[in-house]
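As a plain string of letters, each chain reads:
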Amino acid sequence: MNQTEIISIFTKKTLGLTFVLSAAAFAFAQDKVGVSGTVVDKSNQPVAYASVTFSNKTSKLLSDATLTDEKGNYKLDLTPGNYDITIEAIDYKKSVINKQITTAGSIGALSIEPEATSTNLKTQDIQGVVITATAKPYKVELDKRTYDPSQDIVSKGGNLQDVLSNVPSVSVDTDGTVSMRGSSNVRFLINGKPSALLGIDDGANALQSIPADQIERIEVITNPSSKFEASGTAGILNIILKKSKKTGFNGSVTGTLGYLPQTNLNTNLSWRKGNLTWFLNGGGGYRESKNTNRNNATFFNAANGGRTQTDQESISKNKNNNYNVSSGLVYDLSDKTSINASGTIRTFESDNLGNITYDYRFLNAPSLFTERINTGSNNNLAFQGDFGLDHKFDDKGQNISLSLSLQSNRSYNDTDVNQITNNIFELQNSISQTTRNKTLVGKADYELPIGENSKIEAGYRLDINNNNYDNDVLERYSPFADFHYLNNFTYNANYREMFNAGYVQFKSKIGKLGYQVGVRNEYSNVDIQYSNLDSATKNIDNKKGYNNLFPTVFLSYEITKDNQFLVNYSRRIDRPRSWFLIPNPSYTDNQNIFEGNIDLNPSYVDSYELGYSISKGKFTINPTLYYKHSTDDVKMLVYSDGGVFKTKPINLGTNDSYGLDLNFNWDATKWLKFLGNVDLFGYKNTGIFNDLSVVSKPVPFDGSGFSARARLTSTFKVDKTFSFQLQGFYRGGQKTSSIERKSMYALNFGASKTIWKGDGTLSFNIQDIFNTRAMESTAYGDNFVRDSYMQWQPRQFAVSLTYRFKQGEKIEQPKRKKDVNSNATGDDQQGGPM
């Protein structure tokens, strides 16, 4: 039995055992009495699926909540005592009354009144700036925007990649590349920290391994403050996973079936009693995918006027299995001190079959038809352990947070390739790559309030990352011959990075003006070691060091409580990915090869934003003007080397991007709501690549233009239990001197039905109804023109069923007054990222 099978069995048995142990938590109940009642409206008609919350006046641990059934009735068990009873329902005003519960029985009818013409508004004190807004899936805060996927019907039963496709200001390309405002240099965090869950270079596979049902919210941080790491010139996406804070035993289970074939079963469980909170998220699934790539190229020979036409098509089918389990606990040592610990295991396995065909047509020579058949497998295993301590020195907000994260990721990739030309065996490749990553992240964050409106924050962070790549490529020209190594592509490489970071920032508020100034220093050392089997290639032992200051400034001016201006500036860095620095990092398609660049350096971005937020009744709008200037910009050079296309990252010139990012919510009627995002943007690139040892003539990267991206989600509420969504997406074309990218659009549909007296939800969705989500582009080189088409996933649909069980109500954490521009993220059990 191999290691993967052991881990898979361990994961499944651990999940089952946890279910059993969690169910035993019901035994820890106090003596209670049965209480029942009815919720009615002004006309004495029953109100179905209303929320009834009993808040114990003595201890919140004795509080509980329930929902009414379709006849307006409810039942629950309570410890005798004095309770505030809160009744809430869609389209009704919230009602609060007080009752003394002494014995079992009915407490009679509780009455609530219907809403007036406007919905109830919830006022939130956000970072010292009060913003009034209705409860919506998208919320604007001072230093970030927060997206709640629970109201996203289209991605029910899906994964993180599906959810990100619906987040305003975020787009996901057909190959799984995530970008913000047109830039793919996005930094991902999970619960405020880098995570082994996202792998090293797994790309879309890593995003697909995190179920949508385990995501609490997504924080979109387009211009992070100095408290955050400076990596990610496009910004930061912080994925907050679910951790319930309800008393007793609570949880949910979601199962999904779909086509292209997919099955998923995921659960979220929690138990809270006294000073101890325990949680478990876990599950797994099977998924099939189909990727299509086409490249049609024309090569020109200036010497003899010859022309070669090449038509390439690649179709890859993948079968994936993934399992993940995450468990942890929080223990309150005292009212001011708590400790937390959690562990995560993720496994991902896939088998793929690919077929690449090349049709060569020459002007003065016979045609050639070449076929490369790829069979491959991938096995990925990730571990992560997190430990933390939070301490409050007083009740005024002085506190310190310490955390340590240990992470490990291992990936095996094996591929076998058979190449046939004109029905005659030509060659066979056997490719094996092992990638290992170990990461340590330690950090400390300290906050010191000064008076009512001011605060100093300071912190330190240590990151140690070690990536090891072991790549073997073998080849033979006869099925009966021995394999021999391709020396240039058989290598061992090690990438080690260590950086120390410290920050300090001051925030305050004068009248309606809030401000925050901060600076962050990051000192990083990078060590790259590389050796291959080619005797003509020298071994590489390259060391690089960078020391940079990253200032940030945030300003806010509050016109009224629901109307404010936001202005900010930050300096960011784009550090090259480890495999961008490794020569010849991969070899699967011998006609399209990615080359690393050991001399690649970071690029730097100065980012400016001017935002405005206003909420009027049922309409909220947030326009933001932005401008970014990048130096030593990383560009992708595509060139032809003996008929083989090569792609290489290079530092070249500058990039300027600017635009208007507009987000809005509109509750048009009681049954129709809109969530929209429009990004109108311009861009200007400069730079000419003139290394004639690589290309035959200079390659210009100069180009400018204007384009647009837009997304609109329409939610229709048929009744209190049934809703459906239509979502449209559009991305305009872009053009530079070397590449032209065509426009793209897609339409998705989702429907959701509440069943089982509010304890269940049945959902259905179709992704890409008209099968139009594909990327098309044309590349222009010094001696070629190439048209490309890529579709990462064709149209698909899924049905999911969720069952929720609960015993207690949410326990609100003690709140302290937050100051202007506060950057706290994650959840109450973790410090914010640094």
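Located above this text is the structure these notes cover.
Below you will find a few notes about this structure.

What counts, and where the lines are drawn
- Residues numbered from 1 in each chain as written.
- Predicted model: local features only at pLDDT ≥ 70, side-chain atom pairs only at ≥ 80, totals over all residues.
- Heavy atoms only, no water.
- Phe/Tyr/Trp six-rings, centres within 6.5 Å; stacked < 30°, edge-to-face > 60°.
- Lys NZ or Arg CZ within 6 Å of the ring centre and 35° of its normal.
- Pairing = 2+ DSSP bridges.
- Helix = DSSP H or I, 4+ residues; strand = E, 2+ residues; numbered from the N terminus.
- Axes fitted to C-alpha atoms, helices over the stretch in contact; angles between N-to-C directions.
- Buried < 20%, exposed > 50% of the residue type's maximum accessible area, 1.4 Å probe, protein only.

Attention now moves to the packing of aromatic side chains. In this structure the tally under the stated criterion is 25 aromatic pairs. Taken together, the ring pairs connect Phe716, Phe722, Phe724 and Phe749 into an aromatic cluster. The aromatic ring of tyrosine 789 is capped on one face by arginine 294, whose charged end is 4.3 Å from the ring centroid. Between the NZ or CZ atom of arginine 709 and the centre of the ring of phenylalanine 681, over which it lies, the distance is 4.1 Å.

Strand order in the open sheet made by the 4 strands is S3-S2-S5-S6, with antiparallel pairing throughout. A single partner strand is all that each edge strand has here, and the edge strands are strand S3 (64–67) and strand S6 (95–101). Taken over all neighbouring pairs, the strand axes of this sheet differ in orientation by 20° on average, direction set aside. As judged from the 4 bridges shared by strand S2 (residues 51–56) and S3, these two strands associate in the antiparallel manner. Paired with threonine 53 across the two strands is alanine 65, which belongs to S3.

Attention shifts here to unusual backbone geometry. Going from tyrosine 259 to leucine 260, the amide bond is cis rather than trans, its omega being 5°. Here leucine 260 is to be found in the loop between strand S17 (248–259) and strand S18 (262–273). Of note, the phi angle at asparagine 423 is positive, near 65°, even though the residue is not glycine. Assessed through its relative accessible area of 78%, asparagine 423 is described here as exposed. The backbone of aspartate 768 sits at a positive phi, close to 60°, despite the residue not being glycine.

Here the focus is the pairing of strand S35 (residues 644–651). Taken together, the 3 bridges between strand S31 (residues 592–594) and S35 define a ladder with parallel strand orientation. By the bridge assignment, isoleucine 593 is partnered in S35 with lysine 646. Bridging between strand S34 (residues 634–641) and S35 involves 8 bridges; their strand directions are antiparallel. Along S35, the bridge assignment pairs leucine 637 with lysine 648. Connecting the antiparallel pair S34 and S35 is a turn made up of 2 residues, with glycine 642 showing a positive phi of about 65°.

Hydrogen bonds along the backbone pair up the strands of a sheet, which may run parallel or antiparallel. The 3 strands lie next to each other as S31-S35-S34, forming an open sheet whose pairing is mixed. Only two strands of the sheet have a single partner each, and these edge strands are S31 and S34. On average, each strand axis in the sheet is tilted by 25° relative to the strand beside it, whichever way the strands run.

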